[in-house]
Amino acid sequence: MVQDSRVQRILLVTGLLGAGKTTALRTLEDLGWEAIDNFPIRLLDRLLETEPGSARMEAGTPMAIGFDTRTRGFDPARTIALVKKLSQRKDLQITTLFLDCAGAELERRYNETRRRHPMSEDKPATTGIMAERELLEPLRRWADLVITTTSFTSNDLQQAIRAQFADETPAMPTLTISSFGFSRGTPPLADLVFDMRFLANPHWVDDLRPQTGKDAPVGDYIRQDPAFDEAFARIRDLLLLLVPRYQAQGKAYVHVAFGCTGGRHRSVFMAEQIASVLRDAGFSPTLLHRNLASRAADLIEGQKL
């Protein structure tokens, strides 16, 4: 959705404590919003006292402002009146999001985290939740959008926020395809690791040993393995399925690692081939070969694995 850069988008995020305000604000921040939490909402008009033609107004960066019953001077009636007044400005587009949740689920969350509800004092959490719900009811009725998170996981709420407030298709994750040698340890941050040690090992061919998986003779040798074609096709199809799903989930980084014993032949060849397939499919993977410069050694390769 294209937004007028002269109009400042403001999203007020409020709701019951424990219903997911922090998660919502973090997700909005990932979407490019400027997020402010625990803001004294009575000062909203001062925050928006921006000189016409300022850089911030020209950029049109959307702003998400979180507040709740803990905010100093919290008063639903005054908040509604203030927002109604500010909404008359032509340079502002103000929306209110209310996050709701069933009392039993909120009580479970408080018990799970062992946190005391701010309005319960020395009474059970349910007492504070009921008092808070009564206080917030005018805001809930008035809000433009209500999301009930009772049955939501954190990821469910993130997806709901993205679906509602993302201006465009989620950004493609930064995609890394790498090769490595198991003898030198696995990559600590890889999302998917594929073990290529089931394929015939070029290390044990004298003419191929000094070469790497980037050399054509090595690739030809690996392709001759009866298991290669089916394994390659299944891995290719799996990644073509998963990468768009990671994108839809808003995952920022995806690292796919291919390993063999020394990290010079089979893993390098597979990483090169998969990266090529992904490029042809419209992705832009970064290709890394961690152990390509490592020396070939019989001791490392051991037992022809």
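Our structure is the block above this text.
Because the structure is a prediction, the values reported are computed rather than measured.

(A) How the structure looks around the sheet that holds strand β6 (residues 174-181). Strands sit in the order β7-β8-β6-β9 across an open sheet of 4 strands; the sheet is parallel. Pairing within the sheet leaves two strands with one partner each, and these edge strands are β7 (192-195) and β9 (286-289). Across the sheet, the axes of successive neighbouring strands diverge by a mean angle of 15°, strand direction being ignored. Direction of pairing for β6 relative to β9: parallel, over a ladder of 4 bridges. Each residue of the ladder has a partner; that of S178, found in β9, is L288. Helix α10 (residues 266-280) contacts β6, β8 (253-260) and β9 of the sheet and is inclined by roughly 165° relative to β6.

(B) Examining the sheet that holds strand β2 (residues 34-36) more closely. Pairing in this open sheet of 5 strands is parallel, and the strands run β2-β3-β1-β4-β5 from one edge to the other. Every other strand in the sheet has two partners, leaving β2 and β5 (145-148) as the edge strands with one partner each. The mean angle between the axes of side-by-side strands here comes to 20°, regardless of whether they run parallel or antiparallel. Both strand β4 (residues 92-100) and β5 contribute to a ladder of 4 bridges, which runs parallel. Paired with L99 across the two strands is I147, which belongs to β5. Contacts from helix α1 (residues 21-30) reach β1 (8-15), β2, β3 (63-66) and β4, with the element oriented near 160° to β1.

(C) Main features of a positive patch on the surface. Together, R42, R46, R72 and R78 make up a positively charged patch on the protein surface. In this fold, R78 is placed in helix α4 (residues 76-86). Given a relative accessible area of 55%, R78 falls into the exposed group.

(D) Region of interest: the packing of helix α5 (residues 103-113) against helix α6 (residues 125-142). At a closest axis distance of 10 Å, the pairing of α5 and α6 adopts a crossing angle of 130°. Judged by the inter-axis angle, α5 sits oblique to α6. In terms of crossing hand, the pair formed by α5 and α6 is right-handed. The segment α5 lies against α6, with G103, L106, E107 and Y110 engaging A125, T126, I129 and R133. Taken together, the residues of the contact of α5 with α6 break down into 4 nonpolar, 2 polar and 2 charged.

(E) Geometry of the pattern of salt bridges. What the rule picks out here adds up to 15 salt bridges. A salt bridge links K21 to D37; the shortest N-O distance between them is 2.5 Å. With K21 in helix α1 and D37 in the loop between β2 and α2 (44-47), the pair connects residues that are 16 residues apart, well separated along the chain. Relative accessible area serves as the criterion here: at 10%, K21 is assigned to the buried category. Notably, a salt bridge pairs R89 with D91, separated by 2.8 Å at the nearest N-O pair. Residue R89 is classed as partly exposed on the basis of its relative accessible area, which comes to 26%. D91 gets classed as partly exposed once you look at its relative accessible area, which sits at 23%.

Conventions and cut-offs
- Residues numbered from 1 in each chain as written.
- Predicted model: local features only at pLDDT ≥ 70, side-chain atom pairs only at ≥ 80, totals over all residues.
- Heavy atoms only, no water.
- Pairing = 2+ DSSP bridges.
- Helix = DSSP H or I, 4+ residues; strand = E, 2+ residues; numbered from the N terminus.
- Axes fitted to C-alpha atoms, helices over the stretch in contact; angles between N-to-C directions.
- Contact = heavy atoms within 4.5 Å.
- Patch = residues over 30% accessible without salt bridge, like charges linked within 9 Å, V, L, I, M, F, W, Y side chains within 5 Å.
- Areas by Shrake-Rupley, 256 points an atom, 1.4 Å probe, with all protein chains shown as cover.
- Salt bridge = Lys/Arg side-chain N within 4 Å of Asp/Glu carboxyl O.
- Lys, Arg positive; Asp, Glu negative; His and termini not counted.
- Charge placed at Lys NZ, Arg CZ, Asp CG, Glu CD.
- Buried < 20%, exposed > 50% of the residue type's maximum accessible area, 1.4 Å probe, protein only.
- Parallel < 35°, antiparallel > 145°, perpendicular 65-115°, else oblique.
- Left-handed = near helix turned anticlockwise from the far one by under 90°.
- Nonpolar A, V, L, I, M, F, W, Y, C, P; charged D, E, K, R; others polar.

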